[in-house]
Amino acid sequence: MPHPESQEFQKIIQEERDAYAALKLPEYRLYLAARFLFTVAIQMQAVAVGWQVYEITKDSLSLGLVGLAEAIPSIAVALYAGHLADIHRRKQIILISLFVLLGCSLFLYFFLFLTPNFFQSSGAFPIYTVIFISGIARGFLTPAVFGLFAEIVPRSLYANAAAWSSTVWQTAAISGPAAGGLVVGFLGLKSVYFLDSLLMILSISMVFLIEPKIRTERNQSESVFQSIREGILFVFQNPIIISAISLDLFAVLFGGAVALLPIFATDILNVGAEGLGILRASPAIGAVVMAFWMAHHPPKENAGKILLLAVAGFGLSMIGFALSSIFLLSCFLLLLSGAFDEISVVIRSTVLQLSTPDHMRGRVSAVNNIFIGSSNEIGAFESGVAARLMGVIPSVIFGGGMTLFVVLVTAWKSKSIRELSLLNFRERKNSG
């Protein structure tokens, strides 16, 4: 519960209809600042690593392996990380994870000062090793960040805070790839990795300043196995959560083409590193515009039908992108894909925030991260394999088609999604 002496905090709780209510919480602003900074750093690093690996290998499968190198350790530690986030101080876990990510950024930076034939003899293996370690850190970071949300935001503001959190994340997703591509193109890889490290240091500073305001129940008597089992059962016994997660999982797994953008930029659209930054930023531009609009107009009735249509729109956008040979049209189609994807993100995030008990947030987030958080990296691997087997353009068309198929199956099989209304969902939670 909030500290009783904080009158300002209590007043804010009553401002549920204020679109900016969550932003009036000082701790939440620090939370957003930290998340923005480390997300920009991670996104810049992703662009630089993708460019560097493709320069070294000239192989689409090698780009997919970057995603796999990060996804495997993240998935491996996710459930235990969720358990830790529910029994230990989440702020401390976040700080440790960010320090590890900082170390990874510094290693990538110092690799560039080694002899010129370093990567000629070792290939991309040293980069994969660093990304593997960063995957472990991100596996612990995600559930702790999700759990800390409940320690600084009152339940009545979850939907509002979730929308702003997504807006900030998408803004970072615009800034990171664009900055990464531009800095690689004009200043080189050393500058990207240096800025990446600097932003991570600033993010750590923001987290140090956060003081949680809401106490959450922690059951430290449960065994690790019991704790993890409880989190898994909670997710799989909730039809709305599992349907929303599954829909998003398969859409991202098959429909995304981010890992292949260096190939599109270099070999298809011929726009170089600077164009790659714009391509990477385009989905996030659409997403941040949509997120800002949804913060003022949160989804209410017919949320399930809107979710299904949005994921279908994402798949169609990716098919159009694959067929485009015009740079501006490609950017526009990626922008549309980001806007459609953001609708899915906000609806799913709101359902998760409203339905998850505070003492289980780490474990539920861990299960969600296995499905959603790592689906981007596994999707990158799938994209690389598909591109090797089918060719780049056919593989993206195939992925978009599979996304449409998943939407049709979900709409047919999942009554809970078809009938989902966040207005009724909130009322039910509030009355409970």
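On a predicted model such as this, the values are computed, not experimentally measured, just so you know.

### Section: the overall build of the chain
Here's step 1: Secondary structure summary: the chain contains 19 helices and 0 strands in total.
Here's step 2: Within the span of the chain, comprising 432 residues, buried residues form 57% of the whole.
Here's step 3: Counting contacts in the chain only where the partners sit at least 6 residues apart, residues at least 24 apart contribute 87% of the total.
Here's step 4: Surface accessibility of the chain: about 18,000 Å² in total, with carbon and sulfur atoms responsible for 67%.

### Side note on the pattern of salt bridges
Here's step 1: Considering all chains together, one arrives at 2 salt bridges under this definition.
Here's step 2: Salt-bridge contacts for glutamate 151 lead to arginine 90; the nearest nitrogen and oxygen are separated by 3.2 Å. Of the two residues, glutamate 151 is situated in helix H6 (residues 125-152) and arginine 90 in helix H4 (residues 90-111); the sequence distance between them amounts to 61 residues.
Here's step 3: Residue classification places glutamate 151 among the buried positions, given a relative accessible area of 5%.

### Digging into the packing of aromatic side chains
Here's step 1: This structure, assessed with the given rule, holds 7 aromatic pairs.
Here's step 2: Centre to centre, the rings of tyrosine 109 and phenylalanine 110 are 5.5 Å apart; their planes meet at 55°, and the pair counts as tilted.
Here's step 3: Considering the side-chain rings of phenylalanine 264 and phenylalanine 321, the 4.6 Å spacing of their centres and the 40° angle between planes classify their relative orientation as tilted. With a gap of 57 residues between them, phenylalanine 264 in helix H11 (residues 261-268) and phenylalanine 321 in helix H13 (residues 303-323) connect regions that are remote in the sequence. Per residue, the accessibility class of phenylalanine 264 equals that of phenylalanine 321, and both read buried.
Here's step 4: Ring pairing ties together the aromatic residues Tyr28, Tyr31 and Phe149, which thus form one cluster.

### Overview of the confidence of the model for the chain
Close inspection of predicted coordinates is inappropriate for parts of the model with low pLDDT.
Here's step 1: Per-residue confidence for the chain averages 77 on the pLDDT scale, and 80% of its residues sit at or above 70.
Here's step 2: Contacts from residues 427-432, a stretch scored under 50 in pLDDT, to residues over four places away or in other chains number 2 contacts.

### Some words on unusual backbone geometry
Peptide bonds are trans in most cases, and residues, glycine excluded, mostly fall at negative phi.
Here's step 1: Its identity is not glycine, yet asparagine 270 carries a phi of approximately 55°, on the positive side.
Here's step 2: Residue position: asparagine 270 is located in the loop between H11 and helix H12 (272-296).
Here's step 3: Overall, asparagine 270 belongs to the exposed group, its relative accessible area being 58%.

### Remarks on the nonpolar core
Here's step 1: Ranked by internal contacts, the top residues of the largest apolar core, which has 91 residues, are Tyr28, Tyr31, Leu98 and Val153.
Here's step 2: Core analysis: the second largest hydrophobic core is formed by 16 residues, Ala303, Leu308, Ala310 and Val311 among them.

### Here we look at a nonpolar patch on the surface
Here's step 1: A grouping of Ile72, Ile96, Val100, Phe132, Ile133 and Ile136 is seen on the molecular surface, where their side chains present a nonpolar patch of about 480 Å² in accessible area.
Here's step 2: Mapped by element, the contributors of at least two residues to the nonpolar patch are H4 and H6.
Here's step 3: The leading source of residues in the nonpolar patch is H6, at 3 residues.
Here's step 4: Examined against the element boundaries, valine 100 turns out to sit in helix H4.
Here's step 5: Classification of valine 100 by relative accessible area gives partly exposed; the value is 32%.

### Digging into the environment of glycine 67
Here's step 1: Within the secondary structure, glycine 67 sits in helix H3 (residues 60-87).
Here's step 2: Its relative accessible area of 8% is what places glycine 67 among the buried residues.
Here's step 3: Note: C-alpha distance between glycine 67 and tyrosine 128 (61 residues apart in sequence) is 9.3 Å.

### Section: the packing of H4 against H6
Here's step 1: Contact geometry of H4 with H6 gives a least axis separation of 8 Å together with a crossing angle of 155°. Viewed along their axes, H4 and H6 adopt a mutual orientation that is roughly antiparallel. For H4 against H6, the interelement crossing comes out left-handed.
Here's step 2: A breakdown of the residues in the contact of H4 with H6 according to their chemical character gives 19 nonpolar, 3 polar and 3 charged.

### What about H12?
Here's step 1: Along its 25 residues, H12 runs 37 Å from first to last C-alpha, staying within 8% of the 36 Å computed at 1.5 Å per residue.
Here's step 2: At alanine 281, H12 shows its maximal kink, close to 30°; a proline, proline 283, follows between one and four residues later.

### Thoughts on the environment of leucine 195
Here's step 1: The residue leucine 195 is located in helix H8 (residues 189-209) in this model.
Here's step 2: Measuring from C-alpha to C-alpha, the distance between leucine 195 and glycine 180 comes to 9.2 Å, with 15 residues separating the pair along the chain.
Here's step 3: Not counting residues within four places of it along the chain, the set of residues in contact with leucine 195 comprises Met44 and Val183.

### As for the packing of H11 against H12
Here's step 1: Taken N-terminus to C-terminus, the directions of H11 and H12 make an angle of 135°; their axes are 9 Å apart at the nearest point. Here H11 lies oblique to H12, going by the angle between them. Along this stretch, H11 crosses H12, giving a crossing that reads as right-handed. Here Leu261, Pro262 and Ala265 of H11 come into contact with H12, specifically with Gly272, Leu276, Leu279 and Arg280.
Here's step 2: A per-class count over the contact of H11 with H12 returns 5 nonpolar, 1 polar and 1 charged.

### Side note on the environment of isoleucine 393
Here's step 1: With respect to the secondary-structure elements, isoleucine 393 resides in helix H17 (residues 392-413).
Here's step 2: With 72 residues separating them in the primary sequence, isoleucine 393 and phenylalanine 321 have C-alpha atoms 9.0 Å apart.
Here's step 3: Excluding anything up to four places from it in sequence, isoleucine 393 contacts Ile268 and Ala322.

How each quantity is defined
- Residues numbered from 1 in each chain as written.
- Predicted model: local features only at pLDDT ≥ 70, side-chain atom pairs only at ≥ 80, totals over all residues.
- Heavy atoms only, no water.
- Helix = DSSP H or I, 4+ residues; strand = E, 2+ residues; numbered from the N terminus.
- Buried < 20%, exposed > 50% of the residue type's maximum accessible area, 1.4 Å probe, protein only.
- Contact = heavy atoms within 4.5 Å.
- Areas by Shrake-Rupley, 256 points an atom, 1.4 Å probe, with all protein chains shown as cover.
- Salt bridge = Lys/Arg side-chain N within 4 Å of Asp/Glu carboxyl O.
- Phe/Tyr/Trp six-rings, centres within 6.5 Å; stacked < 30°, edge-to-face > 60°.
- pLDDT = per-residue confidence, 0-100.
- Core = buried A, V, L, I, M, F, W, Y, C linked by side-chain atoms within 4.5 Å.
- Patch = residues over 30% accessible without salt bridge, like charges linked within 9 Å, V, L, I, M, F, W, Y side chains within 5 Å.
- Axes fitted to C-alpha atoms, helices over the stretch in contact; angles between N-to-C directions.
- Parallel < 35°, antiparallel > 145°, perpendicular 65-115°, else oblique.
- Left-handed = near helix turned anticlockwise from the far one by under 90°.
- Nonpolar A, V, L, I, M, F, W, Y, C, P; charged D, E, K, R; others polar.
- Expected span 1.5 Å × (residues − 1).
- Bend = angle between axes of the 7 residues up to and from the residue.

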